[in-house]
Amino acid sequence: QDQVALCQLQALVGTSRLLRWYHEALVLQRRLETLNTPAPLPIAAARLNGTDIFAACKRAYITGQMGWADGPALGAWMQVVEAVEDNRLSMALPVLIEGVNSVEEAASVGKIQ
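Because the structure is predicted, anything quoted here is derived from the model rather than measured. The residue numbering used here restarts from 1 in each chain and proceeds along that chain's sequence as written. In keeping with the predicted nature of the model, local features appear solely for residues at pLDDT of at least 70, side-chain atom pairs appear and are counted solely at 80 or more, and the whole-chain, interface and lining totals rest on all residues. Excluded from the side-chain calculations are hydrogens and water; all other atoms, namely the structure's heavy atoms, are used.

This brings us to the overall build of the chain. Helix and strand definitions follow DSSP, with helices as H or I runs of at least four residues and strands as E runs of at least two, each counted in order from the N terminus. Across its full length, the chain holds six helices and zero strands. Counting from the amino terminus, the chain carries its helices and strands in the arrangement α-α-α-α-α-α. Remark: exposure states derive from per-residue accessible area (1.4 Å probe, protein chains only) relative to the maximum for the residue type, with buried under 20%, exposed over 50%, and partly exposed in between. Counting across all 113 residues of the chain, residues that qualify as buried make up 38%. In the chain, the proportion of contacts linking residues at least 24 apart, taken out of those at least 6 apart, comes to 53%. Split by element, the accessible area of the chain, about 6,800 Å² in all, is 55% carbon and sulfur. Between two residues, a contact is recorded if the distance between any of their heavy atoms is within 4.5 Å. Per-residue and other accessible areas follow the Shrake-Rupley method at a 1.4 Å probe size, with only the shown protein chains counted as cover for residues.

Now the structure itself:
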């Protein structure tokens, strides 16, 4: 379960920043879980280490809120967040398929066990 989250986070922020990300994410997560959040409820309520689409969106959303992590992986995941907000998950399929393929590839070469 945590391996899926770890793979996504490595793509979002890189291995060297994982500890910093986690520390900041715990603070931002608490803010996100309040009733006054701009994030859609399924994303705000998701668990950070979850394996569902809403947890993956929450990790991306929080990463975007941090302001120090940016790149193609974050941009792609923010498209998924937008698709969830608009209730149009079909817009997110290309990103989701790419994400699944990258996790399977990492597992096959032994990066994820």
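Turning our attention to helix 5 (residues 72–85). Multiply 1.5 Å by the residue count of a helix minus one, and that product is the helix's expected span. Counted at 1.5 Å a residue, the expected span for helix 5 with its 14 residues is 20 Å, and the 20 Å between its end C-alpha atoms agrees. Taken together, the buried positions of helix 5 are occupied by Leu-74, Trp-77, Val-80, Val-81, Ala-83 and Val-84. With its phi angle positive at about 55°, Asn-87 sits one or two positions after the end of helix 5.

To define axes, lines are fitted to C-alpha atoms, for helices over the stretch in contact only, and angles between the resulting N-to-C directions are given on a 0 to 180 degree scale. Look at helix 2 (residues 18–32) against helix 4 (residues 53–66): their axes get within 10 Å of each other, and the N-to-C directions meet at 105°. In terms of orientation, helix 2 lies roughly perpendicular with respect to helix 4. Contacts between helix 2 and helix 4 involve Trp-21, Glu-24, Ala-25, Leu-28, Gln-29 and Leu-32 from the first element and Lys-58, Arg-59, Tyr-61, Ile-62, Thr-63, Gln-65 and Met-66 from the second. Each residue gets one label: Ala, Val, Leu, Ile, Met, Phe, Trp, Tyr, Cys and Pro are nonpolar, Asp, Glu, Lys and Arg are charged, and the others, such as Gly, are polar. Looking at the contact of helix 2 with helix 4 residue by residue, the class counts come to seven nonpolar, three polar and three charged. Working definition: roughly parallel below 35 degrees, roughly antiparallel above 145 degrees, roughly perpendicular at 65 to 115 degrees, and oblique for all remaining angles.

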